[in-house]
Structure formats: C-alpha cells, structure tokens
Amino acid sequence: MRLRSPGLLLLLLGVLQAADAREQEVRALVGSDVQLSCVFPESTTFDLDDLYVYWQISAVGHPTTVTYYLSGNSSAGLEDNRYRDRAWLSPDSMRHGDFSLRLYNITPLDEQKFNCLVFRKSLQLQKILDVVVTLHVAANYSVPVVLAPRGPSEDAELTFTCTSVNGYPKPIVYWINKTDNSVLPEGLQNSTVVLNARGLYDVVSVLRIGWTPSASVGCCIGNVLLRQNLTGLCQTETFTTPEPGNTGSHTDVRRREHGAVLSTLAVLGVVVAVAVATGWVCRSRCPRGFPTRCPAAKPERTIPGASGCEDQGAGVHLTAPTNCV
C-alpha cells in the first residue's frame, strides 16, 4: 500500500486511536529547550525510506501537527505555525530507533499532551510505536515584595500588599504571622491573579488585619509544579503603628520626652561648669587664708629708724594692711 499524498496520510493518522500508548511526563521552564522522548524499545536499525514518523497534539479535540517525517516527502509547510522552526527530528537518531522530538523556546502554550506515532511502510503501515508525552510548563515567580501600611485606615485596619510577577502555573498564595510562623486565616486576604502579555501570571494579594501596635507578617507564593515557596517578609518586621485618632505614634512621644530631658540636663551642665570655673578663678587670685576682698599691698615711704619693718638697703617698705591675717 502506497500513499502518494502526505495530506491523505495525515488524515489517516488523525483518526488512529492511541491504544496501548506508553505515557511519560516531562517538566520544562519557560524559555528553555526540552526533549520529548520516543524510543523504539529494541535495538534495531531502520531504513528512513520505510518510516512515517508523526508528532501531534490534540487541542480541543482537534489533532494539530507539530512536526513529522514522511518517506519520500518533505514535511515543510504542514506543521502548525506555532511550532515552525521550533520542532526538530534527527534523521540520524531515527535510523537507530530514536524518534524523540526536540522542542525549542518553551512557552506556556506548549503545556500539552504530545503523541508520537511511528509506522512502517513495508508492514502495510503497521504502527510500531505509540508514545504519549505530557509536557508540564513552569516559570519561577519573582520574589514577593511586601508593602507595609503607613498607618491604620478609618476603620482601624492595617493593610499589607504583596506583589509577585511572571510565574506559571497559577500560584498558591497565603500569609503567615512571623511571630510564630502560623498561617493567617484565608478570609483576611484578597488575591488577584491575572495573565500578562507573556502568557505568565501576575499576582497581587492584599491582607487586612485589625489594628495592633506592631506587626510582622510574611507573604508566601507557592509554585506547586516546582515544589517551591517564595516568602517575602514585611520590610519592617518591628513595624509600629499609631493609635487610631492620634497624630503621632508612641515612638514619637517617647522621642520628644527623651529630647526634653536631654535639653534640661545640658542646661544644668552648663550652669555647673560656669560655677566651677568662677570658683577656680577666685581661688587662684586670692591665696588660701586671705579674705576675698583683701586689698592689694601698697608701697609706703618710711623714715629710716622708725618703728616697724625696715629695709636697710632701700627707702621703700611694703606694708600689708592691718586687716589681713
């Protein structure tokens, strides 16, 4: 049986059942390359002119061509546009029974079930290989950024906002109390997950809790496929909030009181320093034992031979006042 038309063969393959197909699962990151394995179980050398190799996906029940190899025909132009120049089969590998598909630059749209079908023309198009490979696509979310509230809202609530972008698949979002690492009730949070232009998910989660003097919370973004949790802590773990109705926080009041005490102590220190300096100057100018108002000694003219202390070599005598002891 010879099929001269590639289109007729594709129609035939489209209605074939994938009974007894071997199934595999593969994980790949967005933007990476991946190989979907489809290998003949026995060590055999094949003639490429005797082979029909076909890779397809079933999107919404309609088979879509990824790539194929038909003996004596070119496969160019029949594959889906999404996989053109992205899917490749190695002729050398197929000669040795390896019909694996190499897929480049993975996108979220590639998360599909890929079906590998291999037929031998010499065996009346008998199917010799049927493999189903499920491709799971993942992308790492960015580290969550948590914004702390500047103060309580009108209804005395504290609002924390958590943002993480460019992840896949949809995340699991939850908040924890960093004091004891307990999970906060889901009813306290409101999370929004949207697809961006790259086909990846962005998430914004808002946590509202009752007023408390301090709060330390963490936002967790879980990626089930990658088995990872990314936690962003509140930027200020010892966050202190003002009481409802007050214009300043307890911290501001304590700071003002502390400043007033320091100012008073500074003034007292200056007064004491001035008093000490004044006493030191007085003591340095008046010897110990002399009254503070001790007048200075005055020179007197004396007559030689008169009573009192004389200086035989001079006519000038220094006499201390009588009231100095």
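Throughout, residues of each chain are indexed from 1 in the direction in which the sequence is written. In keeping with the model being predicted, local features are shown solely for residues with a pLDDT of at least 70 and side-chain atom pairs are shown and tallied solely at 80 or more, while totals for entire chains, interfaces and linings include all residues. Side-chain calculation: all heavy atoms of the structure are included, whereas hydrogens and water are not.

**A word on the overall build of the protein**
- Helix and strand counts for the protein stand at three helices and 20 strands.
- A total of 325 residues make up the protein; the buried ones form 32% of that total.
- Sequence separation of 24 or more characterises 61% of the internal contacts of the protein that already satisfy a separation of 6 or more. Going along the chain from the N terminus, every DSSP run of H or I of four or more residues is numbered as a helix, and every run of E of two or more is numbered as a strand. Type-normalised accessible area, obtained with a 1.4 Å probe on protein chains alone, sets the label of each residue: buried when under 20%, exposed when over 50%, and partly exposed for intermediate values. Should any heavy atoms of two residues lie within 4.5 Å, those residues are counted as being in contact.

**Some remarks on the sheet that holds strand β10 (residues 157-167)**
- Criterion used throughout: strands pair if DSSP finds at least two bridges between them. With antiparallel pairing, the four strands of this open sheet are ordered in space as β9-β10-β14-β13. On the outer flanks of this sheet lie β9 (145-147) and β13 (189-195), each paired with one strand and no other. Pairs of neighbouring strands in the sheet enclose a mean axial angle of 15 degrees, with direction left out of account.
- As judged from the nine bridges shared by β10 and strand β14 (residues 201-210), these two strands associate in the antiparallel manner. In the sheet register, Thr159 faces β14, and the bridge partner there is Arg208. Angles shown run from 0 to 180 degrees and are taken between the N-to-C directions of axes, each axis being a line fitted to C-alpha atoms and, for helices, limited to the stretch in contact.

**With respect to the packing of aromatic side chains**
- Stacked, tilted and edge-to-face pairs are distinguished by plane angle, under 30 degrees for stacked and over 60 for edge-to-face with tilted covering the rest, among Phe, Tyr and Trp rings (Trp via its six-membered ring) whose centres lie within 6.5 Å. Scanning the entire structure with this criterion turns up four aromatic pairs.
- Here Phe40 and Phe46 contribute two aromatic rings whose centre-to-centre distance is 5.3 Å and whose plane-to-plane angle is 85 degrees, an arrangement assigned as edge-to-face. In this structure, Phe40 and Phe46 share a single accessibility class: buried.
- Overall, the relative accessible area of 7% leaves Phe46 in the buried class.
- Connected via pairs of aromatic rings, a cluster forms that spans Phe40, Phe46 and Phe99.

**Structural notes on the environment of Gln56**
- If you trace the backbone, Gln56 turns up in strand β3 (residues 51-59).
- Placed eleven residues apart in sequence, Gln56 and Thr67 show a C-alpha to C-alpha distance of 7.1 Å.
- Filtering out sequence-adjacent residues up to four positions away, Gln56 remains in contact with Pro63, Thr64, Val66, Lys113, Phe114 and Asn115.
- Reaching out from Gln56, the side chain makes a polar contact with the side chain of Tyr54 at a distance of 3.2 Å. Under the rule applied, a polar contact is a pair of N or O atoms within 3.5 Å (in protein, one hydrogen donor and one hydrogen acceptor; residues adjacent in sequence only if both atoms are side-chain atoms).

**Structural notes on the side chain of Ser205**
- Among the structural elements, Ser205 can be located in strand β14.
- A distance of 2.9 Å separates polar atoms of two side chains, one belonging to Ser205 and the other to Ser191.
- In contact with Ser205, not counting residues within four places along its chain, are Phe160, Thr161, Cys162, Val173, Trp175, Gln189, Asn190 and Ser191.

**Notes on the state of the cysteines**
- Disulfides are defined as cysteine sulfur pairs within 2.5 Å. On inspection of all chains with the given rule, the structure shows two disulfides.
- One disulfide in the model links Cys38 with Cys116; its S-S distance is 2.1 Å. Its S-S torsion of approximately -75 degrees makes the covalent link between Cys38 and Cys116 left-handed. One end of the pair, Cys38, is in the loop between β2 (34-36) and β3; the other, Cys116, is in strand β7 (residues 113-120), and 78 residues separate them in sequence.
- By sequence order of its bonded cysteines, the protein has the disulfide arrangement 1-2, 3-4.
- No disulfide involves Cys220; its sulfur sits 6.7 Å from that of Cys219, the nearest cysteine.

**What to know about the confidence of the model for the protein**
- For the protein, mean pLDDT is 75; residues scoring 70 or higher make up 60% of the total.
- Across the protein, β2 holds the top mean pLDDT of 97, while strand β20 (residues 316-319) sits lowest at 38.
- Note that residues 1-19 has pLDDT below 50 and, in this model, 31 contacts with residues that lie over four places away or in other chains.
- Below pLDDT 50 for its whole length, residues 244-254 participates in six contacts with residues either more than four positions away or in separate chains. What pLDDT reports is the predictor's confidence in each residue, on a scale of 0 through 100.

**Re the environment of Tyr54**
- Locating Tyr54 in the fold gives a position in strand β3.
- Sequence separation between Tyr54 and Val66 is twelve residues; the distance between their C-alpha atoms is 8.1 Å.

**Comments concerning the side chain of Ser100**
- Turning to its location among the elements, Ser100 is positioned in the loop between α2 (91-95) and β6 (101-103).
- Looking at Ser100, its side chain comes within polar contact range of the side chain of Asp98, at 2.6 Å.
- Residues contacting Ser100, with those up to four places away along its chain left out, are Gln35, Leu36, Ser37, Cys38, Val39, Trp55, Trp88 and Leu89.

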